[in-house]
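Breakdown of the fold
Each chain, letter by letter, is given below.
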Amino acid sequence: TELSKIRNFSIVAHIDHGKSTLADRLIQETGTVAGRDMKAQLLDSMDIERERGITIKANTVRIDYTADDGQNYVLNLIDTPGHVDFAYEVSRSMRAVEGSLLVVDSSQGVEAQTLANVYHAMEADHEIVPILNKIDLPASDCDRVAEQIEDVIGIEATGAIQVSAKTGQGIHETLEAIVTDLPAPTGTRDAPLKAMLVDSWYDSYLGVIVLVRIIDGELKKGMRVKFMSNDTLHSVDRIGVFRPEMETIDVLGPGEIGFLTASIKQVRDTRVGDTITNDRQGCETALDGFKPAQPVVFCGLFPVDSAEFEDLRGAIDKLALNDASFTFEMETSAALGFGFRCGFLGLLHLEVVRDRIEREYNIDLITTAPSVVYHVYMRDGTMVELHNPADMPDLTHVDHLEEPRIKATILVPDEYLGDVLKLCQDRRGLQMDLTYAGSRAMAVYDLPLNEVVFDFYDRLKSVTKGYASFDYQMTDYREDNLVKMSILVNDEPVDALSMMVHRDRADARGRAMVEKLKDLIPRHMFKIPIQAAIGGKVIARETLSALRKDVTAKCYGGDASRKRKLLDKQKKGKKKMRQFGKVDIPQEAFISALKMD
Ligand code: GTP
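Below: a short report on this structure.

The rules behind these values
- Residues numbered from 1 in each chain as written.
- Predicted model: local features only at pLDDT ≥ 70, side-chain atom pairs only at ≥ 80, totals over all residues.
- Heavy atoms only, no water.
- Phe/Tyr/Trp six-rings, centres within 6.5 Å; stacked < 30°, edge-to-face > 60°.
- Helix = DSSP H or I, 4+ residues; strand = E, 2+ residues; numbered from the N terminus.
- Buried < 20%, exposed > 50% of the residue type's maximum accessible area, 1.4 Å probe, protein only.
- Expected span 1.5 Å × (residues − 1).
- Arc of directions from axis to C-beta.
- Contact = heavy atoms within 4.5 Å.
- 1 Å grid on protein atoms, 1.4 Å probe; cavity = no way out; pocket = protein on both sides within 12 Å on 5 of 7 lines; lining within 4 Å.
- Points joined across faces, edges and corners; volume = space filled by probe spheres on them.
- Nonpolar A, V, L, I, M, F, W, Y, C, P; charged D, E, K, R; others polar.

1. Points about the packing of aromatic side chains
Where two aromatic rings form a pair, the distance of their centres and the angle of their planes describe that pair. Inspection of every chain in the model, using the stated rule, returns 9 aromatic pairs. Ring plane angle 10° and centroid distance 5.3 Å describe the contact between Phe-309 and Phe-340, whose orientation is recorded as stacked. With Phe-309 in helix 7 (residues 309-321) and Phe-340 in strand 19 (residues 337-344), this pair connects stretches of sequence that are 31 residues apart. On the basis of relative accessible area, Phe-340 is assigned to the buried category, the value being 3%. The structure contains a cluster of three or more aromatic residues connected by ring pairs, namely Phe-309, Phe-326, Phe-328, Phe-338, Phe-340 and Phe-344.

2. Overview of helix 5 (residues 142-153)
Under the 1.5 Å per step criterion, the end-to-end length of helix 5 is 16 Å for 12 residues, consistent within 8% with the ideal 16 Å. Listing the buried residues of helix 5 in full gives Cys-142, Val-145, Ala-146, Gln-148, Ile-149, Val-152 and Ile-153. Considered in projection along helix 5, the buried side chains sweep an arc of 160° and stay on one side of the axis. The exposed set on the far side of helix 5, more than 90 degrees from its buried face, consists of Asp-143, Glu-147 and Asp-151. Contacts made by the buried residues of helix 5 are with strand 4 (99-105), helix 4 (112-123), strand 5 (127-133), strand 6 (161-162), strand 25 (430-437) and strand 26 (440-448).

3. Some remarks on empty space enclosed by the protein
One pass over the structure, following the stated rule, counts 2 cavities of 30 Å³ or more. Taken as a whole, the second largest cavity holds about 30 Å³ of empty space. When contributions to the lining of the second largest cavity are tallied by element, the ones reaching two or more residues are strand 2 (59-66), strand 12 (238-242) and strand 15 (257-261). With 3 residues, the single largest contributor to the lining of the second largest cavity is strand 2. Its residues assigned to classes, the lining of the second largest cavity shows 5 nonpolar, 3 polar and 1 charged.

4. Structural notes on unusual backbone geometry
Positioned with a positive phi, Asp-16 is a non-glycine residue whose angle comes to about 75°. Tracing the backbone shows Asp-16 in the loop between strand 1 (6-13) and helix 1 (19-29). In this structure, Asp-491 is a non-glycine residue whose phi angle is positive, near 70°. A relative accessible area of 51% means that Asp-491 is categorised as exposed.

Printed below as a string of structure tokens:
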């Protein structure tokens with residue numbers, strides 16, 4: 001296809017503002033899919049994504065469109081993941097296109113994710129077409145939202161296209177705007193191949209499918225190509241495009257977006273942002289900005305039933321085939337037995353993986369407290385990365401610790417602002433900015449990531465009744481007074497409950513933990529001390545008193561069937577317990593004890 005007839009774009013939106021519905025409409029309006037084949041939300045291919053209303057895997061579709069000027073155009077839409085955890089993937093997808101549709105729900109207004117993603121689009125020098133969606137809703141207020149877009153984002157929005165992705169109103173105008181307002185790509189056909197690896201995923205028939213954007217040169221079937229980040233060579237078996245189902249073609253030229261397969265076994269061998277070129281006489285320089293995926297949040301996943309360990313290994317192996325950003329290694333815990341220490345791009349990523357294991361593989365899991373990666377500077381001048389509080393080196397060798405910080409942007413209706421500021425303060429946040437746009441406030445905070453990983457989202461949602469939106473990016477590592485707090489149950493440390501905390505908060509956290517555990521652990525036949533300690537020093541202590549007598553004792557001599565029932569009931573209760581030393585700790589204790597409120 002001629003460069004002047006190509007338009008490449010993505011859609012930027014906050015969750016639920018209608019990105020998928022709009023994409024579906026564009027596909028439908030251009031007849032790319034016959035009406036009756038049209039499944040709701042074609043682009044969100046995974047069930048779990050649909051259920052949770054989030055888009056994780058980037059997807060793409062090629063649309064043929066005959067514009068009002070009578071010319072035939074090829075429109076390539078790249079669907080970007082909508083969540084903060086995937087910021088790097090979003091930034092790469094944005095580099096693969098020249099423009100964005102900025103979709104804002106005209107009954108809601110601009111949200112934190114709209115902002116985060118629109119900044120990625122601006123960084124990629126996109127031409128941005130503002131679209132006000134859901135104009136069929138009675139609460140739609142286009143003037144107010146257009147003004148807000150101008151105030152908060154700083155782009156002209158008075159002429160924004162008014163759309164209802166539901167009724168189809170404004171869809172034709174949107175297609176015309178894509179053709180007239182977005183620039184055509186540039187590139188040189190008779191140059192060495194230079195293509196960007198935008199995304200990849202595993203397909204059980206074809207192996208790894210690689211989504212590419214051609215910058216210069218041509219990609220042809222049968223070619224030998226090189227992935228520049230790791231110098232691996234591959235023979236291209238197949239190339240094609242998505243309409244949105246796969247269609248094979250012979251050549252992809254400059255400006256085009258499509259896929260290749262090359263008998264690649266693992267998604268891990270294909271890195272988002274990598275440059276693909278010819279194996280010989282390839283392009284001189286790789287595209288800039290490439291970076292390998294870096295997990296930032298770690299936690300342990302253990303099967304509730306230790307007999308399911310092998311099943312868990314199988315599930316994790318399968319998931320990892322399709323998710324290069326997820327890392328894992330085996331872990332043994334005295335409290336929880338065999339499991340895996342897993343690394344994720346963020347909290348949502350963690351939740352998605354955990355849910356898939358539980359639902360698709362039917363394995364009940366115990367998830368230990370998420371932990372960030374600390375930098376531990378040793379006395380001898382070396383630095384070790386600490387992924388698991390249980391591995392904290394002996395303090396006599398440690399010089400100091402640094403923790404990751406984030407810049408968090410929170411958008412919230414005025415009436416909840418006070419609660420949000422308090423929450424951020426409580427989590428050791430430093431206010432960087434506070435601005436107002438209409439009846440909403442935007443607070444920017446510098447926060448330690450470790451104060452956010454556990455239940456910040458939940459707290460934020462609950463103090464704002466769901467009206468706040470939140471987005472963050474990692475900034476840097478900074479030193480602070482951090483210590484490892486251990487929890488001892490019946491005088492034995494429970495490794496899965498140890499955590500890193502700020503020294504000033506350790507006493508309060510320790511007290512809260514032991515009080516909670518006292519409620520969560522059932523009484524036994526003996527007294528159980530529950531303690532929180534830093535180093536050898538106990539900072540909080542509770543004692544769970546002993547049961548007076550055997551629960552079945554009162555049945556002696558009585559009704560035998562009643563006694564059996566009681567024992568059965570106890571056994572059932574046990575299934576969800578983990579025996580630790582002589583003490584049974586229920587599964588939910590590991591999660592609940594770590595929630596702070
Ligand atoms: P993610 O994929 O989770 O990022 O969400 P999304 O932005 O793709 O939103 P989606 O298209 O799933 O739409 C969210 C909800 O809004 C769905 O229930 C849609 O049916 C509804 N919706 C989308 N567009 C319109 C519209 O123009 N009018 C009305 N009334 N509802 C709409």
